[in-house]
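# Commentary on secondary and tertiary structure
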Amino acid sequence: MLAFSHHLWSQDNATGGRGVSTPSVDSYSSWVNVTRGRLEQMLNAPLLAKSQVGMMVYDLNAAQVLFAHNERQRMWPGAVLQVVTSVTALDLLGPDYGFHTSLCYRGRVVGDTLRGDLYFVGGFDPTLTRADLKAFADTIRRFGIRRVEGMVVSDVSMKDTLSRGEGWSWDINYERLIPLLVDRRDEFVMVMMQEMRAAGIDLDVTLSKGKLPQGCTEIYRHRTGMEKVLRQMLKRSDNLYAEAMFYQIAKANTTKAAKASDASKAEKRLVARLGLDESLYNFADGSGISLYSYVTAELLVSMLKHGCYNRDYFTRIYPSMPVSGVDGTLARRMTKAPCKGKVHAMTGAAPGLCTIAGYCQASTGHTLCFVILNQGLVSSSDAIAFQDKVCEVLCR
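Let us look at the structure shown here. Being a predicted model, the structure only gives us computed values, none of them experimental. (Residues numbered from 1 in each chain as written. Predicted model: local features only at pLDDT ≥ 70, side-chain atom pairs only at ≥ 80, totals over all residues. Heavy atoms only, no water.)

Pairing is antiparallel in the open sheet, where five strands are placed in the order β2-β1-β10-β9-β8. One side of each edge strand has no neighbouring strand; the edge strands of this open sheet are β2 (64-69) and β8 (343-350). Within this sheet the neighbouring strands show an average axis-to-axis angle of 5 degrees, counted without direction. Of the pairings in the sheet, the one linking strand β1 (residues 52-59) to β2 comprises five bridges and is antiparallel in character. Following the sheet pairing, Met 56 is matched in β2 by Ala 68. Taken strand by strand, helix α2 (residues 25-42) contacts β1, β2 and β10 (367-375), and its axis lies near 10 degrees from that of β2. (Pairing = 2+ DSSP bridges. Helix = DSSP H or I, 4+ residues; strand = E, 2+ residues; numbered from the N terminus. Axes fitted to C-alpha atoms, helices over the stretch in contact; angles between N-to-C directions. Contact = heavy atoms within 4.5 Å.)

So this is what it looks like as structure tokens:
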């Protein structure tokens, strides 16, 4: 692994291209001692007398742990689990990976009539909109087809038939995890039929579900790049996008219908590569909704380090994260100096839980990665104030 200080592109990106000055050994040592002291004092906060916290801060330039407290205690991560999902996806699939939805047909085209079947093959692209389905319909028309006599088949065999994640709360109406969605809803075929008719295509068809057979001809393939999905997923803490990413991971090493357990195994393999004991963690879903997922601050820091030391990963993850006082889930947090614009991090919130994990810029010019997992809370407001104060200490 290359030392982070060799990655000048990271420093330029993080500081707006201005570059940084390297602190002297004495001044850096002094900063470390003062920062550690302030963080240790914060552990006396009244909040922590009645709740739990796991913390870890790592200096990516100095390649050393700056601070750690309960860093190996397993806790529910909430949405910061998406750090694990995104880093694993980039590591396993690569930054140029695409989410694909295909249009194929089987049968004969006689004149302007398809006497056969249209197949729409879902790849769990969460970005598809009605405008994209209009492009599918226009492609059919450009292909010379004005009438379809047969079946319109939706192929959702990419994943298992479960439409909810394991351990999701039963009383919340989450979006359905279906490989063919439009505008985030399970209405793909209905909207597709409307768009085909609007394009002037006469339909004498029956609707069906099935798997694409051999011998079909692909007419059109819609592709959405990894970066677009990653940006919405992280910037907005988008659960549907995170689950779509999770099932891409699951599908990578199987020809069968992808299952959550396939993705979990892939993530655990990465955990083992990073030198941690994969048996200590559980990844039940990709978004962090599940009550069955648990991680540690140490694990998340390891993931953030891995996501940083690889340039292709970092240049996609870092700008996709919410920025303090600027956008995403941090738009209204840390809106003043020294933190504004200096923290790029994921946040998680749920009853009893408030978490944050990401990167920040210290006054030394160094880039830090940090994780704070607060749980056992009655209200998240005190935990948010605590986390923002930690970031202020780190950026000061």
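The next point concerns a positive patch on the surface. Together, Lys 256, Lys 259, Lys 265 and Arg 269 give the surface a local cluster of positive charge. Turning to its location among the elements, Lys 256 is positioned in the loop between α7 (239-251) and α8 (260-273). (Patch = residues over 30% accessible without salt bridge, like charges linked within 9 Å, V, L, I, M, F, W, Y side chains within 5 Å. Areas by Shrake-Rupley, 256 points an atom, 1.4 Å probe, with all protein chains shown as cover. Salt bridge = Lys/Arg side-chain N within 4 Å of Asp/Glu carboxyl O. Lys, Arg positive; Asp, Glu negative; His and termini not counted. Charge placed at Lys NZ, Arg CZ, Asp CG, Glu CD.)

Before going further, it helps to examine the nonpolar core. Core analysis: the largest hydrophobic core is formed by 64 residues, its most contacted members being Val 83, Tyr 247, Ile 317 and Tyr 359. Filtering out sequence-adjacent residues up to four positions away, Val 83 remains in contact with Leu 300, Met 303, Leu 304, Met 321, Met 346 and Ala 357. In terms of nonpolar packing, the next biggest core, distinct from the first, is built from 32 residues, Val 32, Cys 339, Leu 377 and Cys 391 among them. (Core = buried A, V, L, I, M, F, W, Y, C linked by side-chain atoms within 4.5 Å. Buried < 20%, exposed > 50% of the residue type's maximum accessible area, 1.4 Å probe, protein only.)

What follows covers the packing of helix α6 (residues 226-235) against α7. Helix-helix packing: each pair is described by the crossing angle between the helix axes and the interaxial distance. At a minimum axis distance of 8 Å, the contact between α6 and α7 shows a crossing angle of 135 degrees. When the axes of α6 and α7 are compared, the pair comes out oblique. Pair α6 / α7 crosses with left-handed handedness. Side by side, α6 and α7 meet where Met 226, Val 229, Leu 230, Gln 232 and Met 233 of the first sit next to Tyr 241, Ala 242 and Met 245 of the second. Partitioning the contact of α6 with α7 into residue classes produces seven nonpolar, one polar and no charged. (Parallel < 35°, antiparallel > 145°, perpendicular 65-115°, else oblique. Left-handed = near helix turned anticlockwise from the far one by under 90°. Nonpolar A, V, L, I, M, F, W, Y, C, P; charged D, E, K, R; others polar.)

In this section: the environment of Arg 146. Structurally, the position occupied by Arg 146 is in the loop between α4 (130-142) and β5 (147-155). Of the residues examined, Arg 146 reaches a relative accessible area of 29% and is grouped as partly exposed. Leave out the neighbours within four places in its chain, and Arg 146 touches Asp 112, Arg 141, Gly 200, Ile 201 and Asp 202. In this structure the side chain of Arg 146 is engaged in a polar contact, spanning 2.7 Å, whose partner is the backbone oxygen of Arg 141. (Polar contact = N/O pair within 3.5 Å; in protein donor to acceptor, adjacent residues only side chain to side chain.)

Turning our eyes to something else, we now look at the pattern of salt bridges. Taken as a whole and judged by the stated rule, the model has 21 salt bridges. Arg 130 serves as the salt-bridge partner of Glu 195, at 2.9 Å between the closest nitrogen and oxygen. Of this pair, Glu 195 sits in helix α5 (residues 188-198) while Arg 130 sits in helix α4, and the two are 65 residues apart along the sequence. For Glu 195, a relative accessible area of 11% corresponds to the buried category. Among the charged side chains, a salt-bridge network with shared partners connects Arg 115, Arg 147, Glu 149, Asp 202 and Asp 204.

Next up on the list: the side chain of Glu 195. A distance of 2.9 Å separates polar atoms of two side chains, one belonging to Glu 195 and the other to Arg 130. The contact partners of Glu 195, leaving out residues within four places of it in the chain, are Arg 130, Leu 133, Lys 134 and Ala 137.

With an omega of 5 degrees, the peptide bond between Ala 337 and Pro 338 qualifies as cis. Summarising the element assignment, Pro 338 is placed in the loop between α10 (311-320) and β8. One non-glycine residue, Asp 183, lies in positive phi territory at about 50 degrees. Mapped onto the elements of the fold, Asp 183 is located in the loop between β5 and α5. Judged by relative accessible area, Asp 183 falls into the partly exposed class, the value being 32%. The backbone of Arg 184 shows a phi angle near 70 degrees, a positive value even though the residue is not glycine. Looking at the secondary structure, you find Arg 184 in the loop between β5 and α5.

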